[in-house]
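The lines below spell out each chain.
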Amino acid sequence: MTMSRPGTAVMIMTAAMLSGCMPEAVKQIEANKSDYMQSHFAVTDIPQEVASTLAAADPTPMGFHKMELTLSLTVSRTSDNQVNHFVNTATYTAAGGPYIQILDVLNNNGVPFQEDYSLTYRGLLYLRTQQVQLNALNSNQIFAIHSLEPIGTWPAGGPGAGDVHFRFEQGFSQQIMNFQSGGLSCEFGSVFPASQLNPALAGSAQRLRCTAVNDNGVVISHSEEAWLMQYGIVFTTQVVTSSWKRDWKVLKVQVQ
């Protein structure tokens, strides 16, 4: 889901300019989206080193089975002050442990034009992600994290304190060398009622302010997040880069 990917949109645009594994035919993806998600974004696709690192820091499962959201998205472009409004419909599915599969569908005038498939760590760190333009013959390639440095313990079930840092190497899913380095650092902030994001959300939330860096250690984005403790998930409400800003609001949510 686009709302929870600080730096991921930047990664995808960079990856699109590089060579890598073969893309998938959009027609085949659309024939059975559920099967495609399970066959390309399963927990078993995570490198063992990455899975072990995350398990050591956070074995706690999600607090939901499935979450369906309708989101408003406002995109502001710095170069010409152009502002566009879209609607996201997103499905979050608990995939075991701290993992979530996300299918994010972007609509314009009620017509879908893009789908993003992802496997994430709590909706915050995108372990595998792929952008599918629905009017194209082939999808973009899957971009994935291939290695992850040890991280601190995640405050599952309650508020966090201080900072949490992720340092990783990333590239196309079938890439075996010449990876890009990346990083994501987040600082826990104040606690507030989750109902401030949407009345249907229960429990408490905590603000997270995150910064993503690229291979050179240069900042590529800042983001505002919300750690929803009852559900075990992080939502992104804003991402800012040097060229654009994206803001999301939760219009509707159903939780199973």
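About the cut-offs
Residues numbered from 1 in each chain as written. Predicted model: local features only at pLDDT ≥ 70, side-chain atom pairs only at ≥ 80, totals over all residues. Heavy atoms only, no water. Helix = DSSP H or I, 4+ residues; strand = E, 2+ residues; numbered from the N terminus. Buried < 20%, exposed > 50% of the residue type's maximum accessible area, 1.4 Å probe, protein only. Polar contact = N/O pair within 3.5 Å; in protein donor to acceptor, adjacent residues only side chain to side chain. Contact = heavy atoms within 4.5 Å. Arc of directions from axis to C-beta. pLDDT = per-residue confidence, 0-100. Pairing = 2+ DSSP bridges. Axes fitted to C-alpha atoms, helices over the stretch in contact; angles between N-to-C directions. Core = buried A, V, L, I, M, F, W, Y, C linked by side-chain atoms within 4.5 Å.

Q: How do you make sense of the side chain of Ser139 when you look at a structure like this?
A: Of note, Ser139 is situated in the loop between strand 5 (125–133) and strand 6 (143–148). According to the relative accessible area criterion, Ser139 is buried, its value standing at 4%. Side-chain polar atoms of Ser139 contact the side chain of Gln130, separated by 2.9 Å. Dropping the residues within four chain positions of it, Ser139 is found in contact with Pro23, Glu24, Val26, Ile29, Gln130, Gln131 and Val132.

Q: So what exactly am I meant to see when it comes to helix 4 (residues 48–57) here?
A: Owing to its 3.6 residues per turn, the α-helix brings residues three or four apart onto one side. All of the buried residues in helix 4 are Val50, Ala51, Thr53, Leu54 and Ala57. Buried residues in helix 4, looked at end-on, bunch into an arc of 160 degrees, giving them a common side. Among the exposed residues of helix 4, those pointing more than 90 degrees away from its buried face are Gln48 and Ala56. Those residues of helix 4 hidden inside the fold are in contact with strand 3 (99–108), strand 4 (111–121), strand 5 and strand 6.

Q: Can you help me understand the confidence of the model for the protein in this one?
A: The predicted coordinates should not be examined in detail at positions where pLDDT is low. On average, residues of the protein carry a pLDDT of 91, and 91% of them reach 70 or more. When the elements of the protein are averaged for pLDDT, helix 1 (residues 8–15) gives the smallest value, 44, and strand 9 (residues 204–213) the largest, 98.

Q: Got a minute to help me understand the sheet that holds strand 9 in this structure?
A: The twelve strands are arranged 1-2-3-4-5-6-7-8-9-10-11-12 in a closed barrel whose pairing can be described as antiparallel. Sheet twist, expressed as the average angle between the axes of neighbouring strands with direction ignored, equals 25 degrees. Note that strand 4 and strand 5 share eight bridges and pair antiparallel. Following the sheet pairing, Ser118 is matched in strand 5 by Thr129. With respect to the sheet, helix 4 is in contact with strand 3, strand 4, strand 5 and strand 6, its orientation differing from that of strand 6 by roughly 65 degrees.

Q: In this structure, what is going on with the pairing of strand 7 (residues 163–172)? I would like to understand it.
A: Sheet faces and side chains relate simply in a regular strand, where the side chains alternate between the two faces. Examined bridge by bridge, strand 6 and strand 7 share five bridges and lie antiparallel to one another. In the strand pairing of strand 7, Leu148 is matched with Phe168. Relative to strand 8 (residues 180–193), strand 7 runs antiparallel, the two sharing eight bridges. Looking across to strand 8, one finds that His165 is bridged to Ser185.

Q: When you look at the nonpolar core in this model, what are you seeing that I'm missing?
A: A general trend in soluble globular proteins is that nonpolar side chains are found buried together. Leu127, Trp154 and Phe166 are the most contacted members of the largest nonpolar core, which totals 38 residues. Element by element, the count of residues in this core is highest for helix 4, at four residues. Each residue touching Trp154, except ones within four places of it in the same chain, is listed here: Ala57, Asp58, Tyr121, Arg122, Leu124, Val164, Phe188, Leu208, Trp227 and Val234. Ranked by size, the runner-up nonpolar core spans 21 residues in total, among them Ala194, Ala226, Tyr231 and Val250.

Q: In this structure, what is going on with the environment of Tyr121? I would like to understand it.
A: Relative to the helices and strands, Tyr121 resides in strand 4. Leaving out residues up to four positions away in the same chain, Tyr121 has contacts with Leu54, Asp58, Pro98, Leu127, Trp154 and Phe166. Polar side-chain contacts of Tyr121 include one of 2.7 Å to the side chain of Asp58.

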